[in-house]
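Fold and contact review
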Amino acid sequence: MKTKKNKNKSKEIRIVTWGFVLLFLGLSGYITYYSATHKQELINNSYNGRQQMLIAQNRRGRILSAGGEVLAQTVEDDGGNEKREYPYGNLFSHVVGYATNGRMGVEALANYYLINSNVPLSQKAGLELAGEKYPGDDVYTTLDVNLQQVASTALGVYQGAILVTQPDTGKILAMVSKPDFDPQQISAMWDELIADKDSSILLNRATQGLYPPGSTFKIMTALEYIKENPDSFQNYSYNCSGALTRGQDRIQCYHGTVHGGVNFTTSFAKSCNTSFANMGFTLDRDAFADTLEGLLFNQELPVSFNSSISRVDVSAETADSDMMQISIGQGTTSITPLLLNMITCAIANEGILMKPYVVDRVENSAGSSVKAFSPSSYGKLMEPQEAQILSSLMTDVVEQGTASRLKGLSYTAAGKTGSAEYGTVKGDSHAWFTGFAPAEDPQICVTIIIEGAGAGGDYAVPIAKRIFDAYFQ
Amino acid sequence: MSQLEIYISEFSRYVIALLIVLYTCESFAVFCHAQENRKGGYVRQSFLMFAFHFSCFVTICFETEDINYLFFYAFQQIMLYAFTVLYRMLYPRSNRLVSNNMCMLLSIGFVILTRLDMAKAIKQFIIVAGSLAIALAIPFFVHKFTLLKRMKWIYGLVGVAALGIVMILGQTTYGSKLSYSVAGITFQPSEFVKILFVFYIASSLYEESGFFEVFTTAVVAAVHVISLVISKDLGSALIFFIVYVLMVFVATRNFWYVLAGSVGGCGAAYVAYQVFRHVQVRVQAWRDPWSVIDSDGFQITQSLFAISSGGWFGLGLYKGTPRSIPFVETDFIFSAIAEELGIVAAICLILICISTFLMCMDIASGMRDRFYQLIAFGLGVTYIFQVFLTVGGGTKFIPLTGVTLPLISYGGSSVLTTILMFAIVQGLHIIRQDEEEALKIALKKKRLHNQRMKRQAKEGPRQRSYPAGDEIEDEEE
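Residues numbered from 1 in each chain as written. Chains lettered and ligands numbered in written order. Predicted model: local features only at pLDDT ≥ 70, side-chain atom pairs only at ≥ 80, totals over all residues.

So, the overall build of chain A
What chain A contains, in helices and strands, is 17 helices and 19 strands. If you line up chain A on its principal axes, its C-alpha atoms span 95 × 80 × 45 Å. Here chain A holds 473 residues, and 49% of them are scored as buried. Across chain A, the fraction of contacts at a sequence separation of at least 24, relative to all contacts at a separation of at least 6, is 67%. (Helix = DSSP H or I, 4+ residues; strand = E, 2+ residues; numbered from the N terminus. Buried ≥ 20, exposed ≤ 12 C-beta atoms within 10 Å, placed from the backbone. Contact = placed C-beta atoms within 7 Å.)

As structure tokens, this is what we get:
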């Protein structure tokens with residue numbers, strides 16, 4: 001029948017047919033992609049009734065430390081009522097979080113895995129017969145119980161936060177925020193917490209607390225100065241008279257210390273405010289704004305848990321008097337301990353930032369793997385040479401500067417201290433330290449803020465030492 | 001539940017998915033074979049369809065622990081089987097892919113409706129039974145009743161009148177005036193008017209398709225579309241519009257009409273968006289349903305929850321909560337299928353619809369009669385575009401328009417119309433084969449005639465010196 005072509009065989013019909021086929025291929029692809037990628041996000045939505053279904057069917061899974069210690073588990077009491085237990089009490093309050101009256105921490109982050117059960121079929125049948133719920137999947141975190149304990153004890157009764165991470169993987173080993181609470185008691189204290197509007201107990205200071213960065217911001221100023229003067233920054237020199245005035249504004253070095261003649265390295269090591277303000281005047285403000293943008297200021301951080309946005313306001317219009325304040329981390333600038341830790345990690349890791357994470361893997365109740373999370377890189381925050389220069393500057397802070405309490409130990413540490421003034425009363429300051437060890441091959445990175453304690457070198461550095469000691473012993 | 005039941009309910013998900021995947025493969029494999037070699041595929045399809053339907057209902061019985069569902073299943077199976085057998089007896093030359101796919105889609109519809117709402121499933125079953133009975137007569141009617149080509153004004157007037165009455169009198173169902181009741185039965189005329197509209201356009205354009213004809217049909221089409229927009233039936237309005245533009249395109253073979261149609265359509269859509277609040281609400285709920293999750297975005301977000309929770313093989317029948325979506329059995333049945341039978345089955349469902357559409361287009365392009373060609377094309381496009389609107393709308397691919405998924409969603413007017421549409425396509429398919437038969441006979445006659453002439457010419461001088469070589473060649477052709 002091919003001999004004679006149908007005169008009505010229509011090119012138009014073919015066009016329309018293919019048009020629809022392509023349209024549906026697009027639609028099918030979209031549906032497959034959407035359902036595969038949005039599953040977790042959608043099940044965690046409080047409007048999704050399916051969550052209740054899973055909760056009724058499965059017993060909430062356990063949360064464990066990297067070493068396998070149980071951080072949270074659901075047990076049944078004699079009456080058959082389920083209860084969420086946190087064996088370490090206050091110790092992991094913010095990072096592991098709670099699962100009643102809303103959710104927080106890993107309890108919120110890994111909720112999807114905790115309420116799902118991948119129990120093997122054979123066990124399922126047995127449980128069904130016994131009339132028991134299926135055990136939810138176990139979530140293994142990257143947290144180290146020992147480091148967490150050391151950090152928490154070291155911070156003592158102070159308010160503040162401590163973050164301990166691995167620079168080459170982004171694993172969070174410890175995360176402390178104080179004041180803390182007992183997650184088991186959250187229901188009991190809920191009304192009280194809600195009634196007290198000033199209470200910030202539930203705030204995870206490590207990721208959401210916004211503080212003036214103080215002298216730790218000199219890392220950013222120094223980086224920009226190196227970028228703009230790649231060949232001549234070593235030749236920098238300045239004579240510190242203890243104070244500097246621009247227009248109405250006046251700054252002075254901490255406790256009015258007069259540092260005298262300083263070069264680039266000693267300005268950083270001794271944390272000389274006037275020298276950094278002087279450096280700040282020379283900086284190209286647009287380029288500085290770009291650099292800060294590149295260091296993740298003024299944007300959401302690439303992490304899966306809640307975090308606040310750190311702010312800094314630099315633009316071509318920034319006046320010299322503001323520049324003076326910004327260069328030394330005072331004024332309107334704010335930073336989270338998390339971002340400072342991430343920048344420090346990038347310096348320790350040749351400029352590459354590994355995304356911080358706390359959920360390491362998910363296993364079913366029989367111990368076989370459901371999902372494993374591997375380290376992932378966010379990208380380059382700075383060039384390797386720049387990271388190298390900053391790293392040696394930070395080593396000098398320990399060797400000859402404000403963090404000398406870390407000198408002469410079995411490991412070599414590097415870091416930067418800060419004493420960030422806040423409020424209106426002169427002299428009230430938060431103590432900062434951010435750094436890593438060993439300097440030549442960094443394994444852990446520690447960031448500490450102690451609210452209202454005083455000088456970073458006096459209060460934060462000793463805590464860093466206890467954490468490093470605990471890690472390297 | 002006993003151990004056995006747990007294993008059954010776990011494995012049934014995979015079995016059901018596998019059966020529907022195999023069925024889908026067969027419904028595309030058909031296109032790779034010549035007409036004569038397709039029979040095996042059709043038989044395999046029938047078997048897979050049966051197995052799918054049966055395993056779904058066995059699962060339903062296990063999950064509900066109620067054996068009575070099997071009786072309902074038996075009625076469905078008998079009805080579909082009787083329809084297939086009768087159809088093949090009455091119309092040996094009907095297209096089996098179209099009728100198989102139709103039965104498969106009806107089975108899927110019965111399964112999911114039974115799970116969602118037994119009472120509605122029974123009502124649907126009765127309507128389907130009636131529709132199939134009517135469908136038995138339709139191809140004969142289409143085949144013999146040649147006057148169909150001459151009734152263009154009747155189609156147009158009846159269509160406009162039916163939609164007009166709805167617009168003015170119709171009762172309000174969930175904010176849109178869509179239906180009216182006669183003797184206690186509620187009709188949704190926009191469904192039936194779809195068929196009339198296709199007939200109207202085809203009968204107006206099959207002979208002449210100059211500017212005058214296109215213009216007059218455009219006016220009539222505009223009346224249809226506008227009365228639907230005023231009745232707030234945006235989905236149907238869109239279907240009429242697209243069907244009109246594409247039919248004009250095929251009838252005139254002029255791409256400029258598509259362009260003009262698209263420009264006009266975009267303009268009209270913009271005006272509608274500015275004028276009608278219900279259009280704005282739909283678009284807003286599509287762009288960001290999460291910000292209006294309590295109100296206008298509720299349906300679509302619930303639908304997205306359902307689709308995302310099923311995974312590849314679904315949660316299993318009765319294991320999900322598809323009933324949390326308002327109007328799940330009409331507008332969002334696709335989401336219910338995706339949740340409980342899985343993404344694999346849902347995508348297969350789409351593919352089965354495409355396979356049916358491809359066969360309609362194949363029938364259309366094979367038709368020698370322009371009128372029938374336009375009908376086949378128009379009905380095929382009506383069908384597939386409606387599938388696109390409902391699936392795309394329920395998955396947030398496009399704004400929600402609230403049309404049914406043909407043959408699967410609950411709704412008497414919808415299922416009856418779709419069954420009629422396919423019955424008409426079957427009638428066209430039979431006509432096409434008549435055409436081919438007639439052509440074959442004509443060709444044969446012509447060839448015989450030519451041979452005779454040739455032979456006479458040859459035989460004259462050479463006196464039968466060549467044996468039968470010629471003839472053998474001819475027969476091989």
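A word on the overall build of chain B
Broken down by element type, chain B carries 16 helices and 3 strands. In terms of C-alpha radius of gyration, chain B reaches 25 Å, essentially the compact-globule figure of 23 Å for 477 residues. Referenced to the eigenvectors of the C-alpha coordinate spread, the extents of chain B come out at roughly 95 × 60 × 40 Å. Counting only residues that meet the buried cut, chain B has 49% of its 477 residues in that class. Restricting the contact set of chain B to residue pairs at least 6 apart, pairs at least 24 apart contribute 71%. (Rg over C-alpha atoms; globule rule 2.2 N^0.38 Å.)

A short note on the sheet that holds strand β3 (residues 70–76) of chain A
Residue and element names in this part refer to chain A. Sheet architecture is open: 6 strands sit in the order β4-β3-β2-β6-β14-β15, paired in mixed fashion. Every other strand in the sheet has two partners, leaving β4 (82–85) and β15 (369–372) as the edge strands with one partner each. Bridge analysis of strand β6 (residues 138–141) against strand β14 (residues 359–363) gives 4 bridges, and the strand direction is antiparallel. Looking at the pairing, Val 139 lines up with Val 362 of β14. (Pairing = 2+ DSSP bridges.)

A closer look at the interface of chain A and chain B
Across the contact, 34 residues belong to chain A and 40 residues belong to chain B. Elements represented by at least two residues in the side of chain A that touches chain B include exactly α1 (11–43), α2 (50–57) and α6 (121–130) of chain A. Per element, the largest residue contribution to the side of chain A that touches chain B is 19 residues, and it comes from α1 of chain A. Tallied by class, the residues present in the side of chain A that touches chain B amount to 17 nonpolar, 11 polar and 6 charged. (Nonpolar A, V, L, I, M, F, W, Y, C, P; charged D, E, K, R; others polar.)

Structural notes on the environment of Asp 117 of chain B
With respect to the helices and strands, Asp 117 of chain B occurs in the loop between α4 (96–116) and α5 (118–144). In this structure, the C-alpha to C-alpha distance between Asp 117 of chain B and Glu 329 of chain B, residues 212 residues apart in sequence, is 8.1 Å.

A word on the packing of α4 of chain B against helix α13 (residues 333–366) of chain B
Residue and element names in this part refer to chain B. Closest axis-to-axis distance for the α4/α13 pair is 10 Å, and the angle between their directions is 165°. Between α4 and α13, the interaxial angle falls into the category roughly antiparallel. The interaxial crossing formed by α4 with α13 has left-handed handedness. Listed contacts from α13 to Leu 97, Val 98, Asn 101, Met 104, Leu 105, Ile 108, Ile 112, Arg 115 and Leu 116 of α4 are Ile 333, Ala 336, Ile 337, Glu 340, Leu 349, Ile 352, Ser 355, Thr 356 and Met 359. Among the residues making up the contact of α4 with α13, the classes are represented as 13 nonpolar, 3 polar and 2 charged. (Axes fitted to C-alpha atoms, helices over the stretch in contact; angles between N-to-C directions. Parallel < 35°, antiparallel > 145°, perpendicular 65-115°, else oblique. Left-handed = near helix turned anticlockwise from the far one by under 90°.)

Quick notes on helix α15 (residues 337–348) of chain A
Turn by turn, an α-helix covers 3.6 residues, leaving residues three or four places apart pointing in a common direction. Residues and elements named next belong to chain A. Across its 12 residues, α15 extends 16 Å between first and last C-alpha, which sits within 8% of the 16 Å expected from 1.5 Å per residue. The buried fraction of α15 amounts to 12 of the 12 residues, a majority that puts the element mostly inside the structure. Those residues of α15 that sit buried are Pro 337, Leu 338, Leu 339, Leu 340, Asn 341, Met 342, Ile 343, Thr 344, Cys 345, Ala 346, Ile 347 and Ala 348. Trailing α15 by a residue or two, Glu 350 shows a phi angle of about 55°, which is positive. (Expected span 1.5 Å × (residues − 1).)

Points about unusual backbone geometry
Residue Lys 178 of chain A is joined to Pro 179 of chain A through a cis peptide bond whose omega torsion reads 5°. Here Pro 179 of chain A shows up in the loop between β8 (172–178) and α8 (186–195). Here Ala 437 of chain A and Pro 438 of chain A are connected by a cis peptide whose omega angle stands at -15°. Tracing the sequence through the fold places Pro 438 of chain A in the loop between β18 (429–437) and β19 (444–450). For Arg 253 of chain B, which is not glycine, the phi dihedral falls at a positive 55°. Within the element layout of this structure, Arg 253 of chain B appears in the loop between α9 (234–252) and α10 (255–275). With 12 C-beta atoms packed within 10 Å, Arg 253 of chain B lands in the exposed category.

Considerations on the confidence of the model for chain B
This prediction gives chain B a mean pLDDT of 87; 92% of its residues lie at or above 70. Of the regions scoring below 50 in pLDDT, residues 467–477 of chain B engages in 3 contacts with residues more than four places distant in sequence or in other chains. (pLDDT = per-residue confidence, 0-100.)

A word on the sheet that holds β18 of chain A
Residue and element names in this part refer to chain A. Spatial strand order, β8-β7-β19-β18-β17: 5 strands in an open sheet with antiparallel pairing. Edge positions in the open sheet fall to β8 and β17 (414–421), since each of these has one partner strand only. Each neighbouring strand pair of the sheet contributes to a mean axis angle of 5°, computed without reference to strand direction. In terms of strand pairing, strand β7 (residues 160–165) meets β8 through 6 bridges, oriented antiparallel. Bridge pairing in β8 links Val 164 to Ala 174. Across the sheet, α15 is in contact with β7, β18 and β19; its angle to β19 comes to roughly 150°.

Structural notes on the packing of helix α6 (residues 152–169) of chain B against helix α8 (residues 211–230) of chain B
Residues and elements named next belong to chain B. The N-to-C vectors of α6 and α8 enclose an angle of 15°; their axes lie 9 Å apart at closest approach. One way to sum up the angle between α6 and α8 is to call them roughly parallel. Between α6 and α8 lies a crossing whose hand is left-handed. Between α6, through Gly 156, Gly 159, Val 160, Leu 163, Gly 164 and Met 167, and α8, the contact on the second element is made entirely by Val 220, Val 223, His 224, Ser 227, Leu 228 and Ile 230. Looking at the contact of α6 with α8, its residues break down into 7 nonpolar, 5 polar and no charged.

Quick notes on the pairing of strand β10 (residues 243–246) of chain A
Residues and elements named next belong to chain A. Bridge count for β10 against strand β11 (residues 249–252) is 4 bridges, and the pairing is antiparallel. Across the sheet, residue Ala 243 finds its bridge partner in β11, namely Gln 252. Connecting β10 to the next strand, β11, in antiparallel fashion are 2 residues, including Gly 247 with a positive phi near 60°.

Notes on helix α10 (residues 218–228) of chain A
Here α10 of chain A lies mainly inside the structure; 8 of its 11 residues are buried. Along α10 of chain A, the residues that are buried comprise Lys 218, Ile 219, Met 220, Thr 221, Ala 222, Leu 223, Glu 224 and Tyr 225 of chain A.

Here's the deal with the confidence of the model for chain A
Of all residues in chain A, 97% have pLDDT values of 70 or greater, and the mean over the chain is 89. The low-confidence segment residues 1–5 of chain A, where pLDDT is below 50, has 0 contacts with residues more than four positions distant or belonging to other chains.

Re the environment of Gln 208 of chain A
Residue and element names in this part refer to chain A. Relative to the assigned elements, Gln 208 resides in helix α9 (residues 205–208). Using a count of 20 C-beta atoms within 10 Å as the deciding quantity, one classes Gln 208 as buried. Residues Gln 208 and Ile 335 lie 127 residues apart in sequence; the distance between their C-alpha atoms is 9.2 Å. Discounting chain neighbours no more than four positions away, the residues touching Gln 208 are Leu 203, Asn 306, Ser 307, Ser 308 and Thr 336.

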